[in-house]
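What follows is each chain in one-letter form.
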Amino acid sequence: MSKQVHVRSHVARDLLQTAALFKHEKQVVWEYVSNSLQYVGQGTRPEVSVVMNQKEKLITITDNGRGMDVDDLNRFFTMHGVNADRQRGRPGRGLFGTGKSAAFGIADTLTVISVKRGNKLKATLTRAEVEACGDGTQIPVKLLSVGVKTFEPDGTVIVIENCHQRTFDVPNVVRNIERHISRSFSDALIFVNGTKCEPTQPTIARTYVFETESEDVPIIGQVRLTICTSPAPLEPDARGIAISSNNVLQEVTLGSCEGKPMSEYMFGYIDVPKLDQDDSVPPPFDQTRSLLLNRRNALVQSIFCFIDPKLELIRKNLADDDAKSRKSAEMKRLALEAKNIASVINDDFNAYEELLLQARSRDKTKGDGPETKLATSGVGIGVEPLGTGAPGKLTREGGTEGDGAINQRDWQRENPDGNNLGEEVNVTTMHRKKRPTFGVEFKHNGETSERAVYVVDQYTIYINLDHPQLAALLKGQGPEDPEFVRFSYEIAFTEYAIALASMLEQKDFFREISDPIVEIRKTINRIARIFAQRRDG
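Everything quoted here is computed from the prediction, not taken from an experiment.

Attention shifts here to the confidence of the model for the protein chain. Scored by pLDDT, the protein chain has a mean of 81; 78% of the residues are at 70 or more. Between the elements of the protein chain, mean pLDDT differs from a low of 41, seen in strand β15 (residues 400–402), to a high of 97, seen in strand β2 (residues 58–63). Here residues 85–89 scores under 50 on pLDDT; set against residues more than four positions off or in separate chains, the count is nine contacts. Confidence over residues 383–432 falls short of pLDDT 50; this stretch has 93 contacts with residues more than four positions distant or in other chains.

See the structure below:
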């Protein structure tokens, strides 16, 4: 007698495994904010307020959307169900139906409070309740109240409680939202802890528009690629071509131009609706919200074949113009001055870094400044020691059992025939990773650009020669003008001081809100003294 075999899924495990894809608060917050932006009434301007309470380990997302009743809530908590709007033919998010699990990627409790047409409901689900679901067929969501009459306007509040993050990176959450709304939902009002999220766009120097050619249309559709160049180098988050499908961002890329000279000046966008319709194997993107398209997908390959040559052509033109500019006598003189400025900055950074690393051998209970806090963390600002000088045992996670702190990949790189996991290692002789070297460059970044910009991934400070203050001084006596030189040093030192404080902040070395300001002031004073001593010498 034959028996029927069925494919089954353990809902609890499915939910928690899907939730694990949402590793950072920025991903989780955007997941619910995007729902708030998409599901609004006709003619309603989306408004969303995000409050991240570090002390209470709590995140709330409040919107003025359509709200939910019990039927809507059932659809909301259906894993892998395509949302109702998509079923009605309205493109957008909701393809995978996994977003409701996002909260459990970083927290233990999800509460939904919603008002729809004068009726209010409240429901909650906890990680413990999910884990307690034995048979795995379904997870009961606790309805705390249903059908309560109210005069409150339609809308939903998502409450994420018992968050696991030690600290919330609020600026990163803001940047992530701004990145997503730069091409869509530009009219939405979104606030994160009172900060308004603006759909920012860099200053444009030139714009290039490319239409798909006849042979590309059957594959990727009739689409338009817009590539812009900026007069000033862009931060990493602002660079690249934003590839979207029906205004849903899928990836931001520089293609093969990534890391090449002048690529940091390019940005743009292209919307390919066919990405949302492609059901080939492998698919163009998955449910991980990774913002990475699958390079093995045929449609994705065609999109990159369309984008890449255009990016490279524009990048080469920028590089050629930059090379010509550098050959002028004035730029050569400025390059020498920039090298002198960078030398002062690097001397200060190296001395400061050594001070912090030396402090590791001191009593960790003494002192209260960044030096002591950095010392107790066991790492430097821009350099991570590979070993503490203490014996330890290699672990799979890349650390050691015992006092020795060592990264397994670094150990294997320097010792390819060395120890295996679990073996005793002596890390006394391990070398530290090379610390970053700061660079300074003078650039014509446009009159409307800021007087200087620090590009984090390059450790480079770009001083804008077109800024009115500098342009006026340069126009007088040129690069030899003592006032121009003094002002250039002052600009670079200020940018460096802010960059140093930012590096300390990223490693969570400040306890009070005023600590970064104090540190910036100390750095400017310290490096100004180094500069004065060199001039006098």
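What follows is about the sheet that holds strand β3 (residues 109–116). Strand order across the open sheet formed by eight strands is β5-β4-β3-β6-β2-β1-β7-β8, with mixed pairing between neighbours. For this open sheet the edge positions go to β5 (142–149) and β8 (195–196), each flanked by a neighbour on one side alone. In this sheet, strand β7 (residues 189–192) lies alongside strand β1 (residues 47–53) in parallel orientation, the contact comprising four bridges. When the sheet's bridge partners are listed, glutamate 47 is paired in β7 with leucine 189. Sitting on the sheet, helix α2 (residues 25–38) touches β1, β2, β3, β6 (155–161) and β7, and the angle it makes with β1 is about 155°. Of the strands in this sheet, β1, β7 and β8 touch helix α6 (residues 170–180), which is tilted by about 165° from β7.

Here we come to the environment of asparagine 464. In this structure, asparagine 464 sits in strand β19 (residues 460–464). Linking asparagine 464 and threonine 448, residues 16 residues apart in sequence, is a C-alpha distance of 9.9 Å. Not counting residues within four places of it along the chain, the set of residues in contact with asparagine 464 comprises Lys443, His444, Asn445, Gly446, Ser449, Glu450, Arg451, Ala452 and Leu470. Within polar-contact distance, the side chain of asparagine 464 engages the backbone nitrogen of asparagine 445 at 2.9 Å.

On inspection of all chains with the given rule, the structure shows 22 salt bridges. Here lysine 196 and glutamate 198 are joined by a salt bridge, their closest N and O atoms 3.9 Å apart. Residue classification places lysine 196 among the partly exposed positions, given a relative accessible area of 34%. Given a relative accessible area of 36%, glutamate 198 falls into the partly exposed group. Beyond isolated ion pairs, a larger network of salt bridges with shared partners links Asp69, Asp72, Arg75 and Lys116.

With that out of the way, let us pick up the pairing of β1. Side chains of β1 alternate between two faces, with Val48, Val50 and Met52 buried and Glu47, Ser49, Val51 and Asn53 left unburied. Relative to β2, β1 runs antiparallel, the two sharing six bridges. Its bridge partner being in β2, methionine 52 is matched across the sheet by isoleucine 59. The turn joining β1 and β2, which pair antiparallel and follow one another in sequence, is formed by four residues; a positive phi near 55° is taken by lysine 57.

Here helix α14 (residues 482–506) spans 36 Å end to end across 25 residues, near enough to the 36 Å set by a 1.5 Å rise per residue. Looking at where α14 begins, the residue whose side-chain oxygen comes 3.0 Å from the main-chain nitrogen of glutamate 483 is aspartate 481. At the exit of α14 stands aspartate 508, carrying a positive phi of roughly 60°.

This part is about the packing of α2 against α6. The N-to-C vectors of α2 and α6 enclose an angle of 45°; their axes lie 9 Å apart at closest approach. Taken together, the axis directions place α2 and α6 in an arrangement best described as oblique. The two elements α2 and α6 meet at a crossing, and its hand is right-handed. Within the contact between the two elements, α2 uses Glu25, Lys26, Val29, Trp30 and Val33 and α6 uses Asn172, Val173, Asn176, Ile177 and His180. Here the contact of α2 with α6 is composed, by residue class, of five nonpolar, three polar and two charged.

Now for the packing of aromatic side chains. In total, this model carries nine aromatic pairs according to the counting rule given. Aromatic pair phenylalanine 438 and tyrosine 496: ring centres 5.4 Å apart, planes at 85°, arrangement edge-to-face. Residue phenylalanine 438 is located in the loop between β16 (424–426) and β17 (439–443), and its partner tyrosine 496 is located in helix α14; the two are separated by 58 residues in the primary sequence. When its relative accessible area of 2% is taken as the criterion, phenylalanine 438 is described as buried. Look at tyrosine 496 and you get buried, because its relative accessible area is 0%. These aromatic residues form a ring-pair network of at least three members: Phe349, Phe438, Tyr454, Tyr459 and Tyr496. One residue, arginine 526, lies across the ring of tyrosine 352, its end atom 4.7 Å from the ring centre.

Counting buried positions along strand β12 (residues 248–253) gives five out of six residues, so the element sits mostly inside the fold. Alignment of strand β11 (residues 240–245) against β12, held across five bridges, turns out to be antiparallel. Note that in β12 the partner of serine 245 across the bridge is valine 248. Two successive antiparallel strands, β11 and β12, enclose a turn made up of two residues, where asparagine 246 displays a positive phi of approximately 55°.

Cis geometry marks the peptide bond from valine 281 to proline 282; its omega dihedral reads -5°. Along the chain, proline 282 turns up in the loop between α8 (274–277) and α9 (298–326). For asparagine 162, which is not glycine, the phi torsion reads 55° and is therefore positive. Mapping asparagine 162 onto the fold places it in the loop between β6 and α6. On the basis of relative accessibility, which here comes to 43%, the residue asparagine 162 falls in the partly exposed class.

About the cut-offs
- Residues numbered from 1 in each chain as written.
- Predicted model: local features only at pLDDT ≥ 70, side-chain atom pairs only at ≥ 80, totals over all residues.
- Heavy atoms only, no water.
- pLDDT = per-residue confidence, 0-100.
- Helix = DSSP H or I, 4+ residues; strand = E, 2+ residues; numbered from the N terminus.
- Contact = heavy atoms within 4.5 Å.
- Pairing = 2+ DSSP bridges.
- Axes fitted to C-alpha atoms, helices over the stretch in contact; angles between N-to-C directions.
- Polar contact = N/O pair within 3.5 Å; in protein donor to acceptor, adjacent residues only side chain to side chain.
- Salt bridge = Lys/Arg side-chain N within 4 Å of Asp/Glu carboxyl O.
- Buried < 20%, exposed > 50% of the residue type's maximum accessible area, 1.4 Å probe, protein only.
- Expected span 1.5 Å × (residues − 1).
- Parallel < 35°, antiparallel > 145°, perpendicular 65-115°, else oblique.
- Left-handed = near helix turned anticlockwise from the far one by under 90°.
- Nonpolar A, V, L, I, M, F, W, Y, C, P; charged D, E, K, R; others polar.
- Phe/Tyr/Trp six-rings, centres within 6.5 Å; stacked < 30°, edge-to-face > 60°.
- Lys NZ or Arg CZ within 6 Å of the ring centre and 35° of its normal.

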